[in-house]
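Architecture and fold: a report
Here are the chains, one letter per residue:
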2 protein chains.
Amino acid sequence: TRRPVGRCWRAALVLARTRVVALGPSAGRRAASGNAGELRGEPDRFGGVSVHLAALDRLDAAAFESALRAAVHQWRSEGRVAVWLHVPILQSQLIAPAASLGFCFHHAESDSSTLTLWLGEGPSRLPGYATHQVGVAGAVFDESTRKILVVQDRNKLKNMWKFPGGLSEPGEDLGDTAVREVFEETGVQSEFRSLLSIRQQHGSPAAFGKSDLYVVCRLQPRSFHISCCPHECLRCEWMDLGDLVRAENATPVTSRVARLLLYGHREGFDKVDLPAQELPAGAAGRPSKLYLRALPARPG
Amino acid sequence: TRRPVGRCWRAALVLARTRVVALGPSAGRRAASGNAGELRGEPDRFGGVSVHLAALDRLDAAAFESALRAAVHQWRSEGRVAVWLHVPILQSQLIAPAASLGFCFHHAESDSSTLTLWLGEGPSRLPGYATHQVGVAGAVFDESTRKILVVQDRNKLKNMWKFPGGLSEPGEDLGDTAVREVFEETGVQSEFRSLLSIRQQHGSPAAFGKSDLYVVCRLQPRSFHISCCPHECLRCEWMDLGDLVRAENATPVTSRVARLLLYGHREGFDKVDLPAQELPAGAAGRPSKLYLRALPARPG
């Protein structure tokens, strides 16, 4: 899963550049025969080539389109299977010309976009972009009192009991999201214990049409005073776990996880927990966490 | 999680349109005082406003920038907290002008991009785009012979035993990805039984810097003849589960899941499985699957 480090390679073609002038793009064509630059492509080990447009150059759209057409023709003749085009947001006037040659968006974020063109045989085999958003809820359960922390949303699912939670932020571990969201919504501090369940859903408008994973974690309370977030919560309370199991106004996932917790409270949480194991960086290039059932000491 | 259905609302401003002319954008400025159009914004229930640019209109960049500036000024004065700008790819000449007003990319896919501008107080509270890519591997285990299907990758992790698997496609259930990837890589047909483990990793270059979830599912074999995919697999075989547990050239996740399977084979897979439960569409707006430990019949 390492990124290609192909030597820098030059497409033998010339691309017109112009100075930034108040008159804007129209000046580009007039100056199209001005000082010349080059369009660089970096090959990758998968048979593709990447082009990174510089943020500062002011490229003329028409000249760029003809230059890109010639470059694509050459790359195709060399057997390249794909072209990756990286465009700084202020160079976005070059996107439409690329699109007219068949490029389409792979993804975009913040101040740049990436377009791709598949040159290989058959349908594109290029890897897609992120497909899932991940929401994490925290089931904060106090074994000594058998009370569990539940909330009712202000915006959606009114009057339905559920566990506090929210969307995982970029780079955030599942357990950390649960602890953070529980604190933000209820003011209760807690510690991650295990992963209990995962729900998958597709095409949610709230996920911009992407898929959604909703994870419920078991958390150990470290504080008990509730200060409910007025923007997010309608109600928030410590409820007896048995009452939550019997409650009719609880979401389906909440009810099922409540039954699982009741079983774990009686038989031992080792029967229902997926605790986290740290995996060494060596394993998959960078450190990671693995969630799976812990086994008894007895050699497996 | 429903999308807002605000009534259509008109920003009181005028935006210049021009005919598509061979001379391109430069003609736009000359025709800027030509036939007038309007920029429409649709309010959403979260206090934001969405603008959908038409795919066919040929909008002049400079006129669009001044019109958008005026519209943003008005929306800000009305207390709107955010602006969502949806841009067809062939209208991408309008992205840089929006960026110069502070807009940045939220996401882009295929033939359109979406930009946002936060107008509320403090840092943006707008929901992010998909944060995770999801890979799924299939641990195809034959209880009668205690053999498990393992492969060695051709590209990466050479000579390390692992379970066949790959990236989940948009809208594909976890179990379906495992069954599909196992068949594509090994030719073995199988059926989903349960979810066994989840690994989370962040910032993987292979995930374009996003996070990666790697799920291992337990599958029941339906056929046993192996036809190894030469593009993906170096080796592929049915290995005794005990040998895989003891193998030194297996990935860390593979070794841990192998031990889990050995325990399940001895004590019963109900002890390690997270089988799938269908959740009714009523639940969260659309049908979904919930993976969690199944409980014994005895009332929980």
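Description of the structure in this document. These numbers were taken from a predicted model, which means no experiment stands behind them. (Residues numbered from 1 in each chain as written. Chains lettered and ligands numbered in written order. Predicted model: local features only at pLDDT ≥ 70, side-chain atom pairs only at ≥ 80, totals over all residues. Heavy atoms only, no water.)

**Some points on helix α6 (residues 252-267) of chain B**
Residue and element names in this part refer to chain B. Helix length check: α6, at 16 residues, gives a terminal C-alpha distance of 23 Å against a target of 22 Å (1.5 Å per residue), a fit within 8%. Every buried residue of α6 is listed here: V253, T254, S255, V257, A258, L260, L261, L262, Y263 and G264. Where α6 terminates, the next one or two residues include G268, which has phi positive at roughly 110 degrees. (Helix = DSSP H or I, 4+ residues; strand = E, 2+ residues; numbered from the N terminus. Expected span 1.5 Å × (residues − 1). Buried < 20%, exposed > 50% of the residue type's maximum accessible area, 1.4 Å probe, protein only.)

**Overview of the packing of aromatic side chains**
As enumerated under the stated definition, the model contains ten aromatic pairs over all chains in all. Here F141(B) and F269(B) contribute two aromatic rings whose centre-to-centre distance is 6.0 Å and whose plane-to-plane angle is 70 degrees, an arrangement assigned as edge-to-face. With F141(B) in strand β9 (residues 132-142) and F269(B) in the loop between α6 and β16 (276-279), the pair connects residues that are 128 residues apart, well separated along the chain. Overall, F269(B) belongs to the buried group, its relative accessible area being 8%. Among the aromatic side chains, those forming a connected cluster through ring pairs are W84(A), Y129(A) and F208(B). Just above the ring of F269(A) sits the side chain of R218(A); from NZ or CZ to the centre is 4.0 Å. (Phe/Tyr/Trp six-rings, centres within 6.5 Å; stacked < 30°, edge-to-face > 60°. Lys NZ or Arg CZ within 6 Å of the ring centre and 35° of its normal.)

**Description of helix α2 (residues 61-77) of chain A**
Residue and element names in this part refer to chain A. Across its 17 residues, α2 extends 24 Å between first and last C-alpha, which sits within 8% of the 24 Å expected from 1.5 Å per residue. Burial in α2 covers these residues: A63, F64, A67, L68, A71, V72 and W75. With its buried residues spanning 160 degrees around the axis, α2 presents them on a single face. Exposed and facing more than 90 degrees away from the buried side of α2 are H73 and S77. A distance of 3.3 Å separates the backbone nitrogen of A62 from a side-chain oxygen at the start of α2, and that oxygen is part of D60. Immediately beyond the C-terminal end of α2, within one or two residues, lies G79, with a positive phi of roughly 85 degrees. (Arc of directions from axis to C-beta. Polar contact = N/O pair within 3.5 Å; in protein donor to acceptor, adjacent residues only side chain to side chain.)

**So, the nonpolar core**
The biggest cluster of nonpolar side chains holds 48 residues, and the ones touching the most others in it are L85(A) and L85(B). If sequence neighbours within four positions are ignored, L85(B) has contacts with V51(B), L53(B), F64(B), L68(B), A98(B), F103(B), S113(B), T114(B) and L115(B). One finds V134(A), V182(A), V215(A) and C217(A) within the second-largest nonpolar core, a separate group that totals 40 residues. (Core = buried A, V, L, I, M, F, W, Y, C linked by side-chain atoms within 4.5 Å. Contact = heavy atoms within 4.5 Å.)

**A word on the interface of chain A and chain B**
Counting from both sides, the interface comprises 87 residues of chain A and, opposite them, 86 residues of chain B. Interface of chain A and chain B: buried area, both sides summed, is about 7900 Å²; carbon and sulfur atoms make up 64% of it. Summed over the shared surface of chain A and chain B, the number is two salt bridges. Put simply, E109(B) and K210(A) hold a salt bridge, and the shortest N to O gap is 2.7 Å. (Buried area = accessible area lost by both parts, 1.4 Å probe. Salt bridge = Lys/Arg side-chain N within 4 Å of Asp/Glu carboxyl O.)

**Overview of unusual backbone geometry**
Residues and elements named next belong to chain A. Positive phi values are uncommon outside glycine, yet F208 reaches one of about 55 degrees. With respect to the element layout, F208 can be found in the loop between β14 (190-201) and β15 (211-221). F208 sits in the buried class, given a relative accessible area of 18%.

**A word on the side chain of S194(B)**
Residue and element names in this part refer to chain B. Positionally, S194 belongs in strand β13 (residues 190-201). Within the structure, S194 has its side chain in polar contact with the side chain of D273 (distance 2.6 Å). Leaving out residues up to four positions away in the same chain, S194 has contacts with C217, R218, D273, L274 and P275.

**Some thoughts on the relation of the copies chain A and chain B**
When chain A is fitted onto chain B, the two copies agree to an RMSD of 0.1 Å after a turn of 180 degrees and an axial shift of 0.0 Å. The symmetry that links the two subunits is that of a two-fold axis. Proximity to the rotation axis, assessed at the C-alpha, singles out Q93(A) in chain A; its C-alpha lies 2.1 Å from the axis. Mapped onto chain B, 99% of the interface residues of chain A again fall at the interface, so both copies present the same surface. (Least-squares fit on C-alpha atoms with pLDDT ≥ 70 in both.)

Keep in mind these numbers describe shape, not what the thing actually does.
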